[in-house]
Structure formats: C-alpha cells, structure tokens
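# Descriptive analysis of the structure
Chain by chain, the residues:
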Amino acid sequence: MTNSAVFLQPAFILQQRKYRETSFIIDALTRDFGRISLLAKGVRKTKSPTAGLLQPFRPLNVSYFGKAELKTLTNVEITKPFEPLQGVALYCGFYVNELITCFLHKYDPHPEVFELYETCLSCLLEPSTIEASLRIFELDLLTAVGYGLQLDYDAHNKTPIRSATNYHYNEEQGPLEAPDGKYSGKTLLALKSRLLNDSHTLHQAKLLMRTVISVYLQGKPLKSRSVINQIMHHL
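Attention shifts here to helix H5 (residues 199–216). Counting along an α-helix, one turn takes 3.6 residues, and residues three or four places apart therefore face a common direction. Compared with the 26 Å implied by 1.5 Å per residue over 18 residues, the 26 Å span of H5 between its first and last C-alpha is a close match. All buried positions along H5 are accounted for by Thr-201, Leu-202, Gln-204, Ala-205, Leu-208, Met-209, Val-212 and Ile-213. Buried residues of H5, viewed axially, fall in a sector of 165 degrees; they line one side. Of the residues that open H5, the one with a side-chain oxygen 3.1 Å from the backbone nitrogen of His-200 is Asp-198.

In structure tokens:
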C-alpha cells in the first residue's frame, strides 16, 4: 500500500449511483479507512464481470488508487460465502447503511463500526433478532461517533436507574425521573446491557432511539425508515 493505492481492503458497499454511460460512483464502508467514495469505471458494460459483485451487504475486498477524495476502483472480490438479506431484513439493511452514511464522516476510520456492521448483518438474517439487532447497532454506532447515551443514573438525582421507575430522556443530560416518563428504568437498563428480549422493552427502546437519532440528525428524515414503516403497515 502507498499513499495513493490501497490493496485488498475489506469493505461493504453502502450505496451506488450511475455515473455517465458505463460507470458507478460507490459509497463504501471500509475496515481501515472508514467511508470512502469510489469510481467504478466501465462496470455497467454488458460483459463486465464486476457489476454483479458491487452490491450492498456482500463482504468484499476492494483495491483502489487516487489522491483526490474520489478514488478509482481497480479490483474487487468476494471474501467469503454469504447469505443474502431478504424481505424486511433487506430494507432494514438499507436503513443501517443510511445511518452509517449520516453519522460517519468520509475518510474517518472506525474499524469498530465495521465490526459492528458485520455483526448486525448476521443478526438481520434471523427474523426473531431483527428488532434487537437494530437497536443495538443504533446505540453502538452513536457511541462510536461520540454520541453515546447515558443510561446508568438519574441525571437530576444522581441515583442509579431503577427498573420500576419511569423516566424522561434528555439527550444532553440523560434519564430524568418522572411519574409520566415515557421510558421505564427496565428499558434503560436493558439498552445499557444490550439485552432486549421482550416486546414492551423493544417498543420503548425503538421510541427512545428514534427520538435521539432525530435530534442528532436535526430532524432530517431517513428515507429507508419510511419505506420500512410502509412495508410493516401492509404486513
């Protein structure tokens, strides 16, 4: 590897868009370099052997070069067998990709996020763990980029969170005990331990993470979330 060339870097495709007649511009998550932009020249040609590989959720090794922000892809290969996401899991995968695109700056290495992403994709393959895996990924992603949630103690009383007590959640301070609080201490402790195993806790965790993410995105809507909501409404 040189300053301008990278070889066989573990990566996942987050999204792609057409560029000119035969190419793609690709947004990829790499293990060692974070989010990067790649120009994949000529891959939309009929006989291109590469186009079929450049799909989201496939574990890849990519090689590329360039000193500008947009790198040029030179080689791509699948690194190991994988099971494709299908149905609701597929749309949830796109939601995870969109979160990464929103929260990770380009060329800001986060190898821990790459590992979390791999784990999340594996969990999405099991229908019973989809909801929990999304909440855990959201929580861990926010922690990785400096927006970790304080879930240990009441920010006002400075007392440990109690399972049977209700709380509001202030994004800057943390939980605040309140009789009419939206979130039970049980839910906050379950999020802290990453053990989300009942429907009520999962529902409250979803509401909390949705609120927190919306605050950090300054109200910017997530396209994938609206698609998932439409799908789930019709199931």
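Anyway, onward from the coordinates.
Now for the sheet that holds strand E4 (residues 60–65). Pairing in this closed barrel of five strands is mixed, and the strands run E1-E2-E3-E5-E4 around the ring. Across the sheet, the axes of successive neighbouring strands diverge by a mean angle of 55 degrees, strand direction being ignored. Bridge analysis of strand E1 (residues 5–19) against E4 gives five bridges, and the strand direction is antiparallel. Each bridged residue has a counterpart across the sheet, and for Val-6 the counterpart in E4 is Tyr-64. Along the sheet, helix H1 (residues 87–103) makes contact with E1, strand E2 (23–30) and strand E3 (34–40), crossing E1 at roughly 105 degrees. Packing of helix H2 (residues 111–124) onto the sheet brings it into contact with E1 and E2, and relative to E1 it is tilted by some 60 degrees.

Bringing the side chain of Lys-71 into the picture now. Inspection of the secondary structure assignment puts Lys-71 in strand E5 (residues 70–78). Put simply, Lys-71 is tucked away with no salt bridge, and the nearest opposite charge, on Glu-69, sits 8.5 Å away. There is a polar contact of 2.9 Å between the side chain of Lys-71 and the backbone oxygen of Gly-66. Here Lys-71 is in contact with Ser-37, Leu-38, Leu-39, Tyr-64, Phe-65, Gly-66 and Tyr-107, once residues within four sequence places are set aside.

Before going further, it helps to spend a moment on the packing of aromatic side chains. Overall, the coordinates contain five aromatic pairs when judged by the stated rule. A ring pair is formed by Tyr-147 and Tyr-216, whose centres lie 4.2 Å apart and whose planes are at 15 degrees; its orientation type is stacked. With Tyr-147 in the loop between helix H3 (130–144) and strand E6 (166–170) and Tyr-216 in helix H5, this pair connects stretches of sequence that are 69 residues apart. Each residue in the set Phe-12, Phe-114 and Tyr-117 is aromatic and connected to the rest through ring pairs, giving one cluster. We note Arg-44 situated over the ring of Phe-24; from NZ or CZ to the ring centre the distance is 5.8 Å.

A separate point is the packing of H1 against H3. Where H1 contacts H3, the axes come no closer than 11 Å and their chain directions differ by 5 degrees. Taken together, the axes of H1 and H3 lie roughly parallel to each other. Facing H1, whose interface residues are Ala-89, Cys-92, Tyr-95, Val-96, Leu-99, Ile-100 and Phe-103, H3 presents Ile-130, Leu-134, Phe-137, Glu-138, Leu-141 and Leu-142.

What the rule picks out here adds up to ten salt bridges. For Lys-80, the salt bridge identified is with Glu-118, shortest N-O distance 3.6 Å. Placement of Lys-80 in the loop between E5 and H1 and of Glu-118 in helix H2 is noted, with a sequence separation of 38 residues between them. In this structure Glu-118 comes out as partly exposed when scored by relative accessible area, which is 28%. Linking Asp-140 and Arg-194 is a salt bridge whose minimum nitrogen-to-oxygen distance equals 2.6 Å. Of this pair, Asp-140 sits in helix H3 while Arg-194 sits in the loop between helix H4 (185–193) and H5, placing them 54 residues apart in sequence. Classification of Asp-140 by relative accessible area gives buried; the value is 15%. Three or more residues joined by partner-sharing salt bridges are found here, namely Glu-131, Arg-135 and Glu-138.

Attention now goes to the sheet that holds strand E8 (residues 183–184). Here three strands make up an open sheet; going across it, the order is E7-E6-E8 and the pairing antiparallel. Since the sheet does not close on itself, it has two edges, and those belong to strand E7 (174–177) and E8, each with one partner.

Within the largest apolar cluster, 45 residues are counted, with the highest numbers of intra-cluster contacts made by Ile-100, Tyr-117, Leu-124, Leu-149, Leu-208 and Ile-213. At the level of secondary structure, the elements contributing two or more residues to this core comprise E1, H1, H2, H3, E6, H4 and H5. Here this core takes eight residues from H3, the largest share from any one element. Each residue touching Ile-100, except ones within four places of it in the same chain, is listed here: Leu-14, Leu-29, Arg-35, Tyr-117, Phe-137 and Leu-141. Listed in part, the 16 residues of the second largest apolar core include Ala-11, Ile-13, Leu-38 and Val-76.

What counts as what
- Residues numbered from 1 in each chain as written.
- Predicted model: local features only at pLDDT ≥ 70, side-chain atom pairs only at ≥ 80, totals over all residues.
- Heavy atoms only, no water.
- Helix = DSSP H or I, 4+ residues; strand = E, 2+ residues; numbered from the N terminus.
- Expected span 1.5 Å × (residues − 1).
- Buried < 20%, exposed > 50% of the residue type's maximum accessible area, 1.4 Å probe, protein only.
- Arc of directions from axis to C-beta.
- Polar contact = N/O pair within 3.5 Å; in protein donor to acceptor, adjacent residues only side chain to side chain.
- Pairing = 2+ DSSP bridges.
- Axes fitted to C-alpha atoms, helices over the stretch in contact; angles between N-to-C directions.
- Contact = heavy atoms within 4.5 Å.
- Lys, Arg positive; Asp, Glu negative; His and termini not counted.
- Salt bridge = Lys/Arg side-chain N within 4 Å of Asp/Glu carboxyl O.
- Phe/Tyr/Trp six-rings, centres within 6.5 Å; stacked < 30°, edge-to-face > 60°.
- Lys NZ or Arg CZ within 6 Å of the ring centre and 35° of its normal.
- Parallel < 35°, antiparallel > 145°, perpendicular 65-115°, else oblique.
- Core = buried A, V, L, I, M, F, W, Y, C linked by side-chain atoms within 4.5 Å.

Note that all results are geometric; they support no functional claim without further evidence.
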